[in-house]
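Residues per chain are reported as follows:
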Amino acid sequence: MVVPIDATREIADIIRSLDQAGVEASELNFGEPTLDDVYLTLAEQAAVRARA
C-alpha cells in the first residue's frame, strides 16, 4: 500500500490508524515522488477538473 503524505507529522497518524485497525506493518519505506508520480497526479487532477 502506498500512502502519500504532505508532512512528516502525518506518519504518526497513519501508524495509529494501522494499529487501531489491527494491521501489523512489516515494512515502511520513505521516498521522494518520481517525475512519473508527479505527472500522473497532475494528469488525474486535470481529468477530475475536466469532468466537473
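In the block above lies the structure referred to throughout.
Everything quoted here is computed from the prediction, not taken from an experiment.

S.K.: Help me understand the overall build of the protein in this model?
M.R.: Scanning the protein from terminus to terminus reveals 2 helices and 0 strands. In summary, the protein has a C-alpha radius of gyration of 15 Å against a globular reference of 10 Å for 52 residues, an excess of more than 25%. With respect to the principal axes defined by its C-alpha atoms, the protein has extents near 40 × 25 × 20 Å. The buried share of the protein, taken over its 52 residues, is 2%.

S.K.: Hey, could you run me through the pattern of salt bridges in this one?
M.R.: Taken as a whole, this structure holds 1 salt bridge when the rule is applied. Notably, a salt bridge pairs aspartate 13 with arginine 16, separated by 3.1 Å at the nearest N-O pair. In this pair, aspartate 13 and arginine 16 are both assigned in helix α1 (residues 10-20), 3 residues apart and thus about one turn of the helix distant. The exposure class assigned to aspartate 13 is partly exposed, which follows from its relative accessible area of 44%.

S.K.: Got a minute to help me understand the environment of aspartate 19 in this structure?
M.R.: Summarising the element assignment, aspartate 19 is placed in helix α1. For the pair aspartate 19 and alanine 7, spaced 12 residues apart in sequence, the C-alpha separation works out to 20 Å.

S.K.: Any chance you could explain a nonpolar patch on the surface here in plain terms?
M.R.: Taken together, the side chains of Met1, Val3 and Ile5 present a nonpolar region at the surface, about 340 Å² in accessible area. Since its relative accessible area comes to 41%, valine 3 is described here as partly exposed.

S.K.: Is there a simple way to think about the environment of aspartate 36 in this case?
M.R.: Its location among the elements puts aspartate 36 in helix α2 (residues 35-51). C-alpha of aspartate 36 to C-alpha of aspartate 13: the two residues are 23 residues apart in sequence and 27 Å apart in space.

Reading the values: rules and limits
Residues numbered from 1 in each chain as written. Predicted model: local features only at pLDDT ≥ 70, side-chain atom pairs only at ≥ 80, totals over all residues. Heavy atoms only, no water. Helix = DSSP H or I, 4+ residues; strand = E, 2+ residues; numbered from the N terminus. Rg over C-alpha atoms; globule rule 2.2 N^0.38 Å. Buried < 20%, exposed > 50% of the residue type's maximum accessible area, 1.4 Å probe, protein only. Salt bridge = Lys/Arg side-chain N within 4 Å of Asp/Glu carboxyl O. Patch = residues over 30% accessible without salt bridge, like charges linked within 9 Å, V, L, I, M, F, W, Y side chains within 5 Å. Areas by Shrake-Rupley, 256 points an atom, 1.4 Å probe, with all protein chains shown as cover.

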